[in-house]
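Commentary on secondary and tertiary structure
Here is how the chains run, residue by residue.
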Amino acid sequence: MGSGEQLVARLQGICGAEHVLTHPDALATYRSDGLAHYRQMPLAAVLPETAEQVQRVVTTCFEAEVPWVARGSGTGLSGGALPIAEGVLIVLARLRRIISIAAAAGGTAPPSARASEDDSRPPSTAAFASTPTPAGSSRTAALSLSQG
Ligand SMILES: Cc1cc2nc3c(=O)[nH]c(=O)nc-3n(C[C@H](O)[C@H](O)[C@H](O)COP(=O)(O)OP(=O)(O)OC[C@H]3O[C@@H](n4cnc5c(N)ncnc54)[C@H](O)[C@@H]3O)c2cc1C
């Protein structure tokens, strides 16, 4: 088993085989972000579900000396989520559970919390800042609560 296969096996042990993508067809979605002019196929795309899984994936990549790139929904327009060849793309789209919302102190949410999920449970004085992105989009950068 080569080093790449060993790494994939370890990642599968952390996140489950169904959440470690290696087939070119499955990886096609993840070759680029919103800057589609640049494309790169990674060794694997990993979709952890919890912060603990993310930590273990990062540690595993570090130990294997394999570079990794974090990706939310891949809508960034500057190529920041462009995969590295022979590296791992850590897709954070499954981290959606809202941890807490508190109008006075701000909110806490994982990277891929969706606007539609938050909008269903805001305190009466809090709201998302409006952006043109459609409901259901990831708001990694836009997540903020403001006094209404
Ligand atoms: C039609 C359209 C409209 C848009 N409108 C707006 C707008 O109104 N306002 C706005 O701010 N942006 C807008 N954007 C840009 C984009 O949607 C935002 O920047 C969005 O917040 C990117 O989130 P993402 O989860 O898709 O990030 P990605 O594109 O997946 O990643 C962006 C960068 O963040 C890094 N990253 C992602 N998640 C993590 C994480 N959990 N930890 C560490 N690093 C991470 C990636 O490595 C990359 O460098 C728009 C884009 C499109 C296509």
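Residues numbered from 1 in each chain as written. Predicted model: local features only at pLDDT ≥ 70, side-chain atom pairs only at ≥ 80, totals over all residues.

1. Regarding the sheet that holds strand β1 (residues 20–21)
Applicable threshold: Paired strands, as defined in this entry, are two strands with at least two bridges between them according to DSSP. In this description a helix means any DSSP run of H or I spanning at least four residues, a strand means any run of E spanning at least two, and both kinds are numbered starting from the N terminus. Any two residues are considered in contact once their C-beta atoms, placed from the backbone, lie within 7 Å. Between N-to-C directions, angles span 0 to 180 degrees; the directions come from axes that are lines fitted to C-alpha atoms, helices contributing only their stretch in contact.
Ordered in space as β1-β2-β4-β3, the 4 strands form an open sheet in which the pairing is mixed. Each edge of the sheet is formed by a strand with only one pairing partner; in this case those strands are β1 and β3 (68–71). One ladder, built from 2 bridges, connects β1 with strand β2 (residues 44–46); its direction is antiparallel. Among the inter-strand pairings, L21 is bridged to a residue of β2, identified as A45. Here helix α3 (residues 51–64) sits on the sheet and contacts β2, β3 and β4 (88–91); the angle it forms with β4, its principal contact strand, is near 170 degrees.

2. Describing α3
Operational definition: For a helix, the expected span equals 1.5 Å multiplied by the residue count minus one.
The end-to-end C-alpha distance of α3 is 20 Å, a good match for the 20 Å that 14 residues give at a rise of 1.5 Å each. Those residues of α3 that are buried are in contact with α1 (3–15), β2, β3 and β4.

3. Considerations on the environment of T60
Rules: Here exposure depends only on C-beta density: within 10 Å of a residue's C-beta, 20 or more other C-beta atoms make it buried, 12 or fewer make it exposed, and intermediate numbers make it partly exposed, the C-beta atoms being placed from the backbone.
Note that T60 resides in helix α3. T60 sits in the partly exposed class, given 18 other C-beta atoms within 10 Å. Excluding anything up to four places from it in sequence, T60 contacts R10, L11 and I14.

4. Some points on the packing of α1 against α3
What counts, and what does not: Between 65 and 115 degrees an angle is taken as roughly perpendicular, under 35 as roughly parallel, over 145 as roughly antiparallel, and anywhere else as oblique. A crossing counts as left-handed when the near helix is turned anticlockwise from the far one by less than a right angle, and as right-handed when that turn is clockwise. For this scheme, ten residues count as nonpolar: Ala, Val, Leu, Ile, Met, Phe, Trp, Tyr, Cys and Pro. Four count as charged, namely Asp, Glu, Lys and Arg, and the remainder, Gly too, count as polar.
The N-to-C vectors of α1 and α3 enclose an angle of 165 degrees; their axes lie 10 Å apart at closest approach. If you check the angle between α1 and α3, you find them roughly antiparallel. The crossing of α1 and α3 is right-handed. Counting all contacts with α1, which are made through S3, L7, R10, L11, I14 and C15, the residues of α3 involved are Q53, R56, V57, T60 and A64. Classifying every residue of the contact of α1 with α3 gives 6 nonpolar, 3 polar and 2 charged.

5. A closer look at the confidence of the model for the protein
Convention followed: How sure the predictor is of each residue is captured by pLDDT, a score from 0 to 100.
Averaged over the protein, the pLDDT score is 83; the fraction of residues at 70 or greater is 74%. Predicted confidence is poor over residues 136–148, with pLDDT under 50, and the contacts of this stretch with residues over four places away or in other chains come to 35 contacts.

6. Focus on the environment of I98
On the secondary structure map, I98 appears in the loop between β4 and β5 (100–102). Considering only alpha carbons, one finds I98 and R114, 16 residues apart in sequence, at a separation of 9.0 Å.

7. Details of the environment of A45
By secondary structure assignment, the location of A45 is in strand β2. For A45, a count of 23 C-beta atoms within 10 Å gives the class buried. Separated by 37 residues in sequence, A45 and V8 place their C-alpha atoms 9.6 Å apart. Every residue in contact with A45, bar those within four places of it in the chain, is listed here: L21, L27, Y30, L89 and V91.

8. Quick look at α1
The cut-off we apply is this: Working note: the arc is built from the helix axis to C-beta atom directions.
Over its 13 residues, α1 runs 18 Å from end to end, which matches the ideal 18 Å to within 8%, given 1.5 Å per residue. Those residues of α1 that sit buried are L7, V8, L11 and C15. Looking straight down α1, one finds that the buried residues subtend no more than 100 degrees of arc, so they occupy a single side. Turned more than 90 degrees away from the buried face of α1 sit E5, Q6, A9 and G13, all of them exposed. Of the surrounding secondary structure, the elements contacted by the buried residues of α1 are β1, β2 and α3. At the C-terminal side of α1, G16 shows a positive phi close to 95 degrees.

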